[in-house]
Amino acid sequence: MKRKAFSPHDDVYIQYLRNMEKHDMPVQHYHDGYEIFLMLGGKRYLFYDNICFTLERGDMAVLRPFDIHYAQSRDAEYYERFVLNFSETALSALLSREELRLLREKLVPCVVHLNEEQTELMLDFFKRVNGYFEKSGFLSEKLQHTALIQLVMYVVECTQGEQTVGGRQIPAQIRTALIYINQHYRENPGLEEIAGACNVNKYHLCHTFKEITGATVLEYLNNVRLSKAHSLLMDTGYSMEEIARETGFSSSLNLTRVFKKSYGMAPTQFRKRKESMR
């Protein structure tokens, strides 16, 4: 199976899952829309923002576009959850540009714990959205978007002023490696350089990094560079040469080769396709 950093979805994607077997994501990934993850039962481990969070019933994660994350089972054999991915385009049918801007400010990335009453109410919102998106007919599209906005606004209400739930801090050398990569990805550092910044042997770093994050050091570096390139393609008018320089690729040709291998199309084609969908 091809390992991809980018996991594409439609404007709205919602899924309920009750899994009775261990399951680890094949690779760290990101989306070009928001993700809301609601844990309903069992246990799941979420790697995000240099922390490994242990998610149990009532825990909810809110991720922004291009936030790299990874989930795994580890010692847990059962988990139950709802996940929702959506783009701002899905909200623009009912919200003005100014309303979208304000919502963007309030929909902050976090991992919070909901009490049982909040969890049940959030679950009702998820079920309502899921139900409307399974139907078609008179006013179905407006009902879908209305239910989505209601869910998002309740997420905002539940996360305002809340503190991130406790997570298991990852080992210091892995945290150092992550910070170093995110600060120096434009320079495309090599494995020796990254290990040197962490004051560890490169072989030890490789083994521990993969065990903790689910990706190799170079896979993670590549994911960061591709996510930044993806963001620049969508949000700026930069040329391919400028994007290559900003993301640590030696040339626009090198960027195109790596991008096409991961996404199945050249970055110029990707930009045109996204623009035609707006």
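The rules we used
- Residues numbered from 1 in each chain as written.
- Predicted model: local features only at pLDDT ≥ 70, side-chain atom pairs only at ≥ 80, totals over all residues.
- Heavy atoms only, no water.
- Helix = DSSP H or I, 4+ residues; strand = E, 2+ residues; numbered from the N terminus.
- Rg over C-alpha atoms; globule rule 2.2 N^0.38 Å.
- Buried < 20%, exposed > 50% of the residue type's maximum accessible area, 1.4 Å probe, protein only.
- Areas by Shrake-Rupley, 256 points an atom, 1.4 Å probe, with all protein chains shown as cover.
- Disulfide = S-S within 2.5 Å.
- Phe/Tyr/Trp six-rings, centres within 6.5 Å; stacked < 30°, edge-to-face > 60°.
- Lys NZ or Arg CZ within 6 Å of the ring centre and 35° of its normal.
- Pairing = 2+ DSSP bridges.
- Axes fitted to C-alpha atoms, helices over the stretch in contact; angles between N-to-C directions.
- Contact = heavy atoms within 4.5 Å.

Here we come to the overall build of the protein. When its secondary structure is counted, the protein shows ten helices and nine strands. Computed over its C-alpha atoms, the radius of gyration of the protein comes to 20 Å, within 12% of the 19 Å expected for a compact globule of 278 residues. The principal-axis extents of the C-alpha atoms in the protein amount to approximately 55 × 45 × 35 Å. Looking at the protein as a whole, 48% of its 278 residues qualify as buried. Here the protein has roughly 14,100 Å² of accessible surface; of this, 49% comes from carbon and sulfur atoms.

Going through the model one piece at a time under the given rule, you end up with zero disulfides. Cys 158 takes part in no disulfide bond, and the closest cysteine sulfur, belonging to Cys 110, lies 9.9 Å away. Assessed through its relative accessible area of 4%, Cys 158 is described here as buried. With no disulfide of its own, Cys 198 has Cys 206 as its nearest cysteine by sulfur position, at a separation of 11 Å.

Bringing the packing of aromatic side chains into the picture now. For the structure on display, the rule yields seven aromatic pairs. We note Arg 44 situated over the ring of Tyr 79; from NZ or CZ to the ring centre the distance is 4.2 Å. Just above the ring of Phe 249 sits the side chain of Arg 225; from NZ or CZ to the centre is 3.9 Å.

This part covers the sheet that holds strand β2 (residues 34-42). The strand order across the open sheet formed by five strands is β1-β7-β2-β5-β8, and the pairing between neighbours is antiparallel. In the strand order of this sheet, the two ends are held by β1 (12-19) and β8 (110-113), each with one partner. Between one strand axis and the next, the sheet turns by 15 degrees as a mean value, whatever way the strands run. Bridge analysis of β2 against strand β7 (residues 79-86) gives eight bridges, and the strand direction is antiparallel. In the strand pairing of β7, Gly 41 is matched with Glu 80. Packing of helix α2 (residues 116-133) onto the sheet brings it into contact with β1, β2, β5 (59-63) and β7, and relative to β2 it is tilted by some 120 degrees.

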